[in-house]
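Coordinate inspection notes
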Amino acid sequence: MLDSKFVRTQPEDVAAKLVKKGFTLDVEAFHALEQSRRDIQVRTESLQQERNNRSKNIGKAKAAGEDIAPLLKEVDDLKQQLSAAETELSGVQTQLDALLAEIPNLPDDAVPEGNDEDDNVEVRRWGTPKSFDFEVKDHVDLGAALNGQLDFEVATKITGSRFAAMKGDIARLHRALIQFMLDTHQQDHGYEEIYVPFIVNRDSLFGTGQLPKFEEDLFKIQDDRGFYLIPTAEVPVTNMLRDEIIDANQLPLKYTCHTPCFRSEAGSYGRDTRGMIRQHQFEKVEMVQFVKPEASDDALEALTNNAEAILEKLNLPYRTVILCGGDLGFSAARTYDIEVWLPSQEKYREISSCSNFRDFQARRMKARFRNPETGKPEFLHTLNGSGLAIGRTLIAVMENYQNADGTIEIPEVLRPYMAGKAVIGNP
RNA sequence: GGUGGGGUGGCUGAGUGGUCGAAAGCGGCGGUCUUGAAAACCGUUGAGUGUAACAGCUCCCAGGGUUCGAAUCCCUGCCCCACCGCCA
C-alpha cells in the first residue's frame, strides 16, 4: 500500500510513475473522496469533542452532587448528529481504503519501460547451453521413457490437469533438490530455515498484496473461515512480522522456507499445457528478507545472487532479466527474473523471481522496526525470491543432463542426496 | 467434545462505568556518579491521525449493542491458557 499522505499531496507524481506499470490512477476521484473525507472528519471530530466535554462535565456535576437532568437534556440531539456523522465518515473511509488497497506499488526509476515480458531487459547471462549430438527430448518424454517415473496421466486421473506424479529416482531427485537448496541457503547464504502453515487467512493475503485484487488466482477453502491455500511461501513467511515492531538490532532477518504452492492458473488456459512448467501444485524453496529501508537495494542484489548460486552449483545455464514496468507484479518496486535454459524449447524460462517491495507490504502489514536514532517505529522493507522453483529446476536438470539413451546424469552436488548415485535410468 | 479462566503499551502486568491513554515493573533513551563499565540514583518513554507548532480526534483482540459517558456492562466471532474426556 502506498502512503495515503503521499498520494494525497503528490497525486500527479504517483500517477506519472504508475503509468509505467500500466495503471491509471483516477486522481479526480481520489481527490473528490479525499475532500469529502476531510470535511466529514472535521465535522465528526468536533462533535466528538463536544460530546467528550459534556460527558466530562456531567461526570463532574454528578460527583459534586448537582442535578444533572438539565445537562442531559442539552446533550440530547448531539447523539444523533454524531452517530450520523460517524456513519457517513466510515462510509467514505471504506471507499478510500478500497481505492488505496488496489493501487500498485511504484516502480523504481531503474525499471525499464515496456508492456510485457518481451520488454524485459537482460542484465547478465551465465554458462553456455550444451550442444547435443542427438535429438533432445523434453522432460515429458524423458519421464515417460524412464518407466513413468514422471507421470502426468496418473496425476490427471487422481485429480485433473496441471498436476504431476513422480516415483523412484525422479521423486528422490525432486526431494534432493529441496534439501540441496535449503542446505545451501542455510549454510552458505546465512538464511534461517523455517516451517510455516500452508493455509492462511485473508489478513495475511492482504498483507503481501494477493488480496483484494487477485482472489481468482487462489484456491479458497470451502468453509466459513475464509482460509486459502498459499500460492507461495512469501505469504506466510512475510506475515510472520505482521503487526510487529521489532528491534533494529535484529535486522536483517533472512528466512528460507520450503513449501508447496497452489495456484488456480485461472487466466492461463492453453498456456504451457504440456508438462510440468505450469502446475496447480508445485514445490518451492523461498528466500524472504526483512531489512532496514536503506539496505533493501543491496539486499535485492544479494538475494538474486543467492538464487543464481543454486543454478551455478547445478551447472545450469541461465540469464537474469530486470522486469519492465508492464510485467512487474502488483506489490513489487523492482524484480529480477532468473531464467534457466531449457534445451527442448531452446529458450530461457523463468525459474526464479526476486523482488524488492520496499515498504509496500510492510505498510499493509504494519511490519515495523524501532529506529534507534529517532526512537520511532518505521516500516521495514521486505524482499523475497524463489531459490528456486523445484518443479522447474527438476525439468531443467532432466533436460540439460539427458543422455542419448534417455538416461539422466545426476549433477555432482545432488549425488550426496541420492545415495551417491550418478545416473538415473530405467529401474 | 465438556467445564472454567483470559486477551490491556516494545515486554510483564494492575485497572471501582465518569480528567484512564491507562498504576507498577522490565526494557529503551537522556543524565548524575566512574579512568571506563556495571550497580545505584534522577528524569524521560504507547501507536496513529492531525497542525507551521499547539489543540483536537481515534485506538485497551475484532465486530455490534447499552449509556450523557465504556478498557470496565451485554451480544457475536476469533485466539490463548487450565483441567476432564476422546483420538492420533
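Note that the structure is a prediction, hence the values are computed from the model and not measured.

This next bit is on the protein's contact with RNA strand B. Close contacts around RNA strand B come from 21 residues, with Arg38, Glu45, Gln48, Arg51 and Ser55 the closest. The share of sugar and phosphate among atoms of RNA strand B within 4 Å of the protein is 73%. Between RNA strand B and Arg8, the relevant distance is 2.9 Å, taken from a phosphate oxygen to a side-chain nitrogen or oxygen of the residue. A distance of 3.3 Å separates a phosphate oxygen of RNA strand B from a polar atom in the side chain of Arg370.

A few words now on the side chain of Glu308. Tracing the backbone shows Glu308 in helix H11 (residues 296-313). Classification of Glu308 as buried rests on a relative accessible area of 3%. Engagement of the side chain of Glu308 in a polar contact is seen with the side chain of Arg124, the distance being 2.8 Å. A polar side-chain atom of Glu308 sits 2.6 Å from a polar atom in the side chain of Thr320. Apart from the residues lying within four places of it in its own chain, the contact partners of Glu308 are Arg124, Tyr318, Thr320 and Ile338.

So, about the UniProt feature "binding site: L-serine" (unreviewed entry) in chain A. Here, UniProt's "binding site: L-serine" (unreviewed entry) annotation points to Thr232, Ala233, Glu234, Arg263, Glu286, Asn384 and Ser386. By the element assignment, Arg263 lies in the loop between strand E8 (253-262) and strand E9 (281-291). With a relative accessible area of 28%, Arg263 lands in the partly exposed category. When near neighbours in sequence (up to four residues on either side) are disregarded, Arg263 contacts Asp217, Phe219, Pro231, Thr232, Gln279, His280, Phe282 and Lys284. Polar contacts involving the side chain of Arg263 include one to the main-chain carbonyl oxygen of Pro231, which spans 2.8 Å. When you line up the elements, Ser386 lands in strand E15 (residues 381-389). Note on Ser386: relative accessible area 8%, which makes it buried. Setting aside chain neighbours within four positions, we find Ser386 in contact with Lys284, Val285, Glu286, Met287, Ala307, Ile351, Ser352 and Ser353.

Strands in a sheet are paired, the pairing made by backbone hydrogen bonds, and the direction either parallel or antiparallel. Taken in spatial order, the 8 strands line up as E1-E10-E11-E12-E15-E9-E8-E4 in an open sheet, and their pairing is mixed. Edge strands, defined here as strands with exactly one partner in the open sheet, are strand E1 (121-126) and strand E4 (192-194). Strand after strand, the sheet turns through a mean of 25° between neighbouring axes, direction not considered. Summarising the sheet, E4 and E8 pair through 3 bridges and their orientation is parallel. The partner of Glu193 across the bridge, within E8, is Thr256. Across the sheet, H11 is in contact with E1, E9, strand E10 (318-322), strand E11 (334-342), strand E12 (347-358) and E15; its angle to E15 comes to roughly 10°. Helix-sheet contacts for helix H13 (residues 390-400) involve E9, E11, E12 and E15, and the interaxial angle to E15 is about 35°.

Bringing the pairing of E15 into the picture now. Most of E15 is tucked away, with 9 of its 9 residues classed as buried. Pairing of E9 with E15 involves 7 bridges; the strand directions are antiparallel. The residue bridging Val291 from the neighbouring strand is His381, located in E15. As defined by bridge partners, E12 adjoins E15 across 4 bridges and the pair is classed as antiparallel. In the sheet register, Cys354 faces E15, and the bridge partner there is Gly385.

With that settled, consider the sheet that holds strand E7 (residues 244-247). Taken in spatial order, the 3 strands line up as E7-E13-E14 in an open sheet, and their pairing is mixed. The open sheet terminates on both sides in strands that have one partner only, identified here as E7 and strand E14 (377-379). With strand direction ignored, the average angle separating the axes of adjacent strands in the sheet is 40°. Here E7 pairs with strand E13 (residues 367-370) via 4 bridges, running parallel. For Ile245, the partnering residue across the bridge sits in E13 and is Arg368.

Before going further, it helps to spend a moment on the packing of helix H8 (residues 168-187) against H11. How two helices pack is summed up by the angle between their axes together with the distance between the axes. Two numbers describe how H8 lies on H11: the axes approach to 11 Å, and their chain directions differ by 130°. Here H11 runs oblique to H8, going by the angle between their axes. Where H8 crosses over H11, the handedness of that crossing is right-handed. Contact with H8, carried on its side by Phe180, Met181, Thr184 and His185, involves Asn306, Ile310 and Lys313 of H11 and no other residues of that element. A breakdown of the residues in the contact of H8 with H11 according to their chemical character gives 3 nonpolar, 3 polar and 1 charged.

It is worth spelling out the nonpolar core at this point. Generally speaking, soluble globular proteins have nonpolar side chains that are buried together. Leu173, Leu177, Met181, Leu311, Leu316 and Ile424 are the most contacted members of the largest nonpolar core, which has 49 residues in total. When residues of this core are assigned to their parent elements, the largest contribution, 8 residues, is made by H8. With 20 residues, the next largest nonpolar core counts Phe23, Leu33, Ile40 and Ile103 among its residues.

What counts, and where the lines are drawn
- Residues numbered from 1 in each chain as written.
- Chains lettered and ligands numbered in written order.
- Predicted model: local features only at pLDDT ≥ 70, side-chain atom pairs only at ≥ 80, totals over all residues.
- Heavy atoms only, no water.
- Near = heavy atom within 4 Å.
- Polar contact = N/O pair within 3.5 Å; in protein donor to acceptor, adjacent residues only side chain to side chain.
- Helix = DSSP H or I, 4+ residues; strand = E, 2+ residues; numbered from the N terminus.
- Buried < 20%, exposed > 50% of the residue type's maximum accessible area, 1.4 Å probe, protein only.
- Contact = heavy atoms within 4.5 Å.
- UniProt positions renumbered as here; feature names shortened; annotations may be inferred.
- Pairing = 2+ DSSP bridges.
- Axes fitted to C-alpha atoms, helices over the stretch in contact; angles between N-to-C directions.
- Parallel < 35°, antiparallel > 145°, perpendicular 65-115°, else oblique.
- Left-handed = near helix turned anticlockwise from the far one by under 90°.
- Nonpolar A, V, L, I, M, F, W, Y, C, P; charged D, E, K, R; others polar.
- Core = buried A, V, L, I, M, F, W, Y, C linked by side-chain atoms within 4.5 Å.

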